[in-house]
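Here's the letter readout for the chains.
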Protein chains: 2
Amino acid sequence: MQSQEIRLKKRPVGIPESDDFEIVQTQLPEATDGEIVVENVSLTVDPYMRGRMIDRKSYTPPFQIGETLTGGAIGRVTKSNSPDISVGEYVESHFGWREGFVAKASAVKTLGNLQAPASSYLGVLGMPGMTAYVGLLGVGEFKEGDVVFVSGAAGAVGSAVGQIAKIKGGTAIGSAGGEDKVRHLTEDLGFDHAFDYRKGHLEKQIQEGAPDGIDIYFDNVGGDHLQAALNCMRPNGRIPLCGAISQYNATAPVPGPNNLTIAIGMGLTLKGFIVSNYNDMRADFDREMTQWVTSGKLKYRETIFDGLENMPQAFVGLFDGTNTGKMIVNLQ
Amino acid sequence: MQSQEIRLKKRPVGIPESDDFEIVQTQLPEATDGEIVVENVSLTVDPYMRGRMIDRKSYTPPFQIGETLTGGAIGRVTKSNSPDISVGEYVESHFGWREGFVAKASAVKTLGNLQAPASSYLGVLGMPGMTAYVGLLGVGEFKEGDVVFVSGAAGAVGSAVGQIAKIKGGTAIGSAGGEDKVRHLTEDLGFDHAFDYRKGHLEKQIQEGAPDGIDIYFDNVGGDHLQAALNCMRPNGRIPLCGAISQYNATAPVPGPNNLTIAIGMGLTLKGFIVSNYNDMRADFDREMTQWVTSGKLKYRETIFDGLENMPQAFVGLFDGTNTGKMIVNLQ
């Protein structure tokens, strides 16, 4: 079977460009014993991938030049040499940025019958949804009544964070870029307060929604947002550090918040997290989130590109505000 | 009874000066029912007091101009109208920066018979010792075998952190200012590695002692130290934020670490803490620490000033490297 794949041609400097990637035609090997052949249906691009394009030490090693990129993918099994998986089943894998692949059956997660569109298993029912769930409830130690502020609130993770906070009895405040997204947060998703971070003073805008301060700041952005949120925290507040999209494309080190010492007197916790360390929450996530999504209690949006050749463009679009909700590339 | 007291005359700008304080003669009121009269024996000055001299929101409200300052004190009861405390007993209180006071018996902590010098109950057996114990074992979630790096390692908190790490089966690395302090850490206190932060590259000096990275960075300093330590952390490392002496005297906001995003990919936790939130560890602390100190297993040093009139000078000395270990002002 032929498969097109996308490779990292050179490390992006600043904002990534389509030219940093190349598309390559490959011939997949034959599936041997215990292996399956999968045709991808739906692929994802995520901001964290930008971090992996930098050559530096991290929990997950950086992407290498000339290597086919990886990322979340939902695919359909077209051939199986494994007793564990049948042809026609859908599987979740990390073999994204390609049309198809051959792998051990143990290297993918079977999804059984899909209860929602394939792409939702890359978003609200996949890694971003799990990130929101784990970050808010596990890392953030959310308790009923908590006031939660989330940045990047119109994104796949952020919009789930705010809605989970509401479902669990908290107050949700969100920041996003642009009036349309802000309106979406309050009118469609039920956020208590939302604002356009491009307009007005960040700290004042947070305080408008949380005059008595916030218990949890779910940080997707870093930079100015983190600094402003630190000034609004209640004692013993928690700050799950999930992303720093404001800094991923910086070509020089960006100074951190100049008020980090507030964390000492206020007893604040800033906690970066790796979703895979919270697998003990997976069953609760699958159960609760599937119920919320299929019942319409928790809503999500997607921005969809079609065709593998448009994947670099979809990735670049993550950094210029093209997407609302999860950025998806559908292949079929 | 007459008592001299020290008040904040004006808010320090930058490094505090003796002139920011004034000494005032006062007449104590008569002790009423349930109250005791205490003559202070040993007083403490601590870096955290500098933070409370700034007019800003914090867990503990700032000191007010013209107000008698407060701080840790060990005193002897000279009169008691309470059935709970007898004349001659020693008590720990927060009514420092003064020769004596009248208070409800419930406002002080009775120490019973002292098992060590009075001043040690302000240091290794008091708040700084408890801060080290709680910060390392509770906040830092120390486990046997952990590699611990502590800044300000020759100070009251830092020297206890390193020694507790050693007693509990870890590796201790410390930074301090000056060769004498560095030698003290390795030769007297049993640190595995220590260095002079004023000489050489911080990150390289940490790596010399911890080629495979550190599990816990106990931060007494903030600034460059925090930034360097972030680059040396192992996955899932913990950073108890205890102090930021490098920034207390800054007259303008100091940028935070420019590499805070490392915390995301590495799953790091930065946690400011308030010792009083960890009172459930108090009994263990009293038992273990008293045993370690009286048996000589855990050592401490003090820098002692005599007389209340020298207290501002002792406080100012905290910021110019005058002290090794706890800074104490003895009154008797």
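Counting restarts for each chain, with residues numbered from 1 along the sequence as it is written. Chains carry letters from A onward and ligands carry numbers from 1 onward, assigned in written order. Per-residue local features of the predicted model are confined to residues with pLDDT of at least 70, and side-chain atom pairs are confined, for both listing and counting, to 80 or more; whole-chain, interface and lining totals are unaffected and use all residues.

(A) A look at the overall build of chain A. A helix here means a DSSP run of H or I that spans at least four residues, while a strand means a run of E at least two residues long, and both kinds are numbered starting from the N terminus. Within chain A one finds nine helices and 15 strands. Radius of gyration here is computed from C-alpha atoms only, and the compact-globule reference equals 2.2 Å multiplied by the residue count raised to the power 0.38. Here the C-alpha atoms of chain A give a radius of gyration of 20 Å, agreeing with the 20 Å that 2.2 N^0.38 yields for 332 residues. The principal-axis extents of the C-alpha atoms in chain A amount to approximately 60 × 45 × 35 Å. Expressed as a percentage of the 332 residues in chain A, the buried residues total 51%. Here exposure depends only on C-beta density: within 10 Å of a residue's C-beta, 20 or more other C-beta atoms make it buried, 12 or fewer make it exposed, and intermediate numbers make it partly exposed, the C-beta atoms being placed from the backbone.

(B) View of the pairing of strand β9 (residues 171-176) of chain B. All names here are of chain B. In terms of burial, β9 is a largely internal element, six of the six residues being buried. Here, any two strands with at least 2 DSSP bridges between them count as paired. Across four bridges, the pairing between strand β8 (residues 147-150) and β9 is parallel. Note that in β9 the partner of F149 across the bridge is I173. At this point the chain moves from β8, through helix α3 (residues 156-167), to the parallel β9, and the crossover so formed is right-handed. Bridging between β9 and strand β10 (residues 193-196) involves four bridges; their strand directions are parallel. Residue pairing across strands places S175 opposite F195, the latter belonging to β10. A crossover gets the label right-handed when its path from the first strand over the helix to the second runs clockwise, viewed with the strands pointing away from the viewer.

(C) Inspection of the relation of the copies chain A and chain B at higher detail. With an RMSD of 0.0 Å, the operation that places chain A on chain B is a rotation of 180 degrees combined with a shift of 0.0 Å along the axis. With respect to symmetry, the two chain copies, as superposed, fit the operation of a two-fold axis. Using C-alpha coordinates, one finds that chain A approaches the rotation axis most closely at G256(A), a distance of 2.0 Å. Most of the interface of chain A is mirrored in chain B, where 100% of its interface residues again form contacts. Copies are brought into register by a least-squares superposition over C-alpha atoms of residues with pLDDT of at least 70 in both. We call two residues in contact if the C-beta atoms placed from their backbones are at most 7 Å apart.

(D) Broad picture of the domain arrangement of chain A. Residue and element names in this part refer to chain A. Those domain boundaries reflect an automatic or database domain assignment. Domains assigned within chain A are domain 1 (2-123 + 301-330) and domain 2 (127-276). With centres defined by C-alpha atoms, the gap from domain 1 to domain 2 works out at 28 Å. Every contact between the two is made by 15 residues of domain 1 and, on the other side, 17 residues of domain 2. The leading source of residues in the side of domain 1 that touches domain 2 is helix α1 (residues 48-52), at three residues. Each residue receives one of three labels: charged for Asp, Glu, Lys and Arg, nonpolar for Ala, Val, Leu, Ile, Met, Phe, Trp, Tyr, Cys and Pro, and polar for the others, Gly being one of them. In the side of domain 1 that touches domain 2, the residues fall into six nonpolar, seven polar and two charged.

(E) The arrangement of the interface of chain A and chain B in detail. Of the residues lining the interface, 33 residues belong to chain A; the matching set on chain B comes to 33 residues. Of all the secondary structure elements, the ones that give two or more residues to the side of chain A that touches chain B are β12 (233-241), α7 (262-266) and β13 (269-272) of chain A. In the side of chain A that touches chain B, the residues fall into 17 nonpolar, 15 polar and one charged. Bridge analysis of β13(A) against strand β13 (residues 269-272) of chain B gives three bridges, and the strand direction is antiparallel.

(F) Geometry of the environment of R76(A). Its location among the elements puts R76(A) in strand β4 (residues 73-80). Not counting chain neighbours up to four residues away, the residues in contact with R76(A) comprise V38(A), E39(A), V41(A), G88(A) and Y90(A).

(G) Region of interest: the nonpolar core. Under the definition applied here, buried Ala, Val, Leu, Ile, Met, Phe, Trp, Tyr and Cys residues are grouped into a nonpolar core through C-beta atoms within 7 Å. In this structure, L136(A), V148(A), I214(A), L136(B), V148(B) and I214(B) are the most contacted members of the largest nonpolar core, which totals 197 residues. With near-sequence residues (within four places) excluded, V148(A) lies in contact with L136(A), F142(A), V161(A), A165(A), G170(A), T171(A), A172(A), I173(A), I214(A), D215(A), I216(A) and F218(A).

(H) Here's a closer look at the packing of helix α2 (residues 127-139) of chain B against α3(B). Residues and elements named next belong to chain B. Axis geometry follows a simple rule: fit a line to the C-alpha atoms, using only the stretch in contact for helices, then measure angles between N-to-C directions, giving values from 0 to 180 degrees. Where α2 contacts α3, the axes come no closer than 8 Å and their chain directions differ by 45 degrees. Classified by the angle their axes make, α2 and α3 are oblique. The two elements α2 and α3 cross, and the hand of that crossing is right-handed. In this structure, α2 uses P128, G129, T131, A132, Y133, G135 and L136 to contact α3, whose residues at the interface are A156, V157, A160, V161, I164 and A165. By residue class, the composition of the contact of α2 with α3 is 10 nonpolar, three polar and no charged. In what follows, roughly perpendicular refers to angles from 65 to 115 degrees, roughly parallel to angles under 35, roughly antiparallel to angles over 145, and oblique to any angle outside these ranges. Should the near helix be turned anticlockwise from the far one by less than a right angle, the crossing is left-handed, and should it be turned clockwise, the crossing is right-handed.

(I) Looking closely at the sheet that holds strand β11 (residues 214-218) of chain B. One open sheet accounts for 12 strands, arranged β10(A)-β9(A)-β8(A)-β11(A)-β12(A)-β13(A)-β13(B)-β12(B)-β11(B)-β8(B)-β9(B)-β10(B); its pairing is mixed. In the strand order of this sheet, the two ends are held by β10 (193-196) of chain A together with β10 of chain B, each with one partner. Here the average twist between neighbouring strands, direction ignored, is 15 degrees. Helix-sheet contacts for helix α4 (residues 179-188) of chain A involve β9 (171-176) and β10 of chain A, and the interaxial angle to β10(A) is about 175 degrees. Contacts between α2(B) and the sheet are confined to β8, β11, β12 (233-241) and β13 of chain B, with β11(B) contributing the most and set at about 150 degrees to the helix.

(J) Quick look at helix α6 (residues 223-230) of chain A. Residues and elements named next belong to chain A. Buried residues dominate α6, accounting for seven of its eight residues. When we look at burial in α6, the residues that qualify are G223, H225, L226, Q227, A228, A229 and L230. Residues of α6 that are buried sit in contact with β8 (147-150), β9, α5 (202-209), β11 (214-218), β12 and α7.

(K) View of unusual backbone geometry. Residues and elements named next belong to chain A. Although it is not a glycine, N236 adopts a positive phi angle of roughly 65 degrees. Within the element layout of this structure, N236 appears in strand β12. Using a count of 16 C-beta atoms within 10 Å as the deciding quantity, one classes N236 as partly exposed.

(L) Spotlight on the pairing of strand β14 (residues 302-306) of chain A. Residues and elements named next belong to chain A. Bridging between β14 and strand β15 (residues 326-330) involves five bridges; their strand directions are parallel. Of the residues in β15, the one forming a bridge with D306 is N330. Taking the sense of rotation as the criterion, the β-α-β connection linking β14, helix α9 (residues 311-317) and β15 turns out right-handed.

(M) Spatial organisation of the packing of helix α5 (residues 202-209) of chain B against helix α6 (residues 223-230) of chain B. Residues and elements named next belong to chain B. Across the interface, α5 lies against α6 with an axial gap of 9 Å and an inter-helix angle of 50 degrees. Comparing their axes, α6 and α5 come out oblique. Crossing geometry of α5 relative to α6 is assigned as right-handed. Within the contact between the two elements, α5 uses L202, E203 and I206 and α6 uses D224, H225, A228 and A229. Its residues assigned to classes, the contact of α5 with α6 comprises four nonpolar, one polar and two charged.

(N) Quick look at helix α8 (residues 282-294) of chain B. All names here are of chain B. A helix is expected to span 1.5 Å multiplied by its residue count minus one. End to end, α8 covers 18 Å across 13 residues, agreeing with the expected 18 Å (1.5 Å per residue, within 8%). For α8, every residue scored as buried is listed here: F285, M289 and V293. Seen from one end, α8 has its buried residues packed into an arc of 35 degrees, which puts them on one side. In α8, those exposed residues whose orientation departs by more than 90 degrees from the buried face are A283, R287 and Q291. With its phi angle positive at about 80 degrees, G296 sits one or two positions after the end of α8. Our arc is simply the arc of the directions from the helix axis toward the C-beta atoms.

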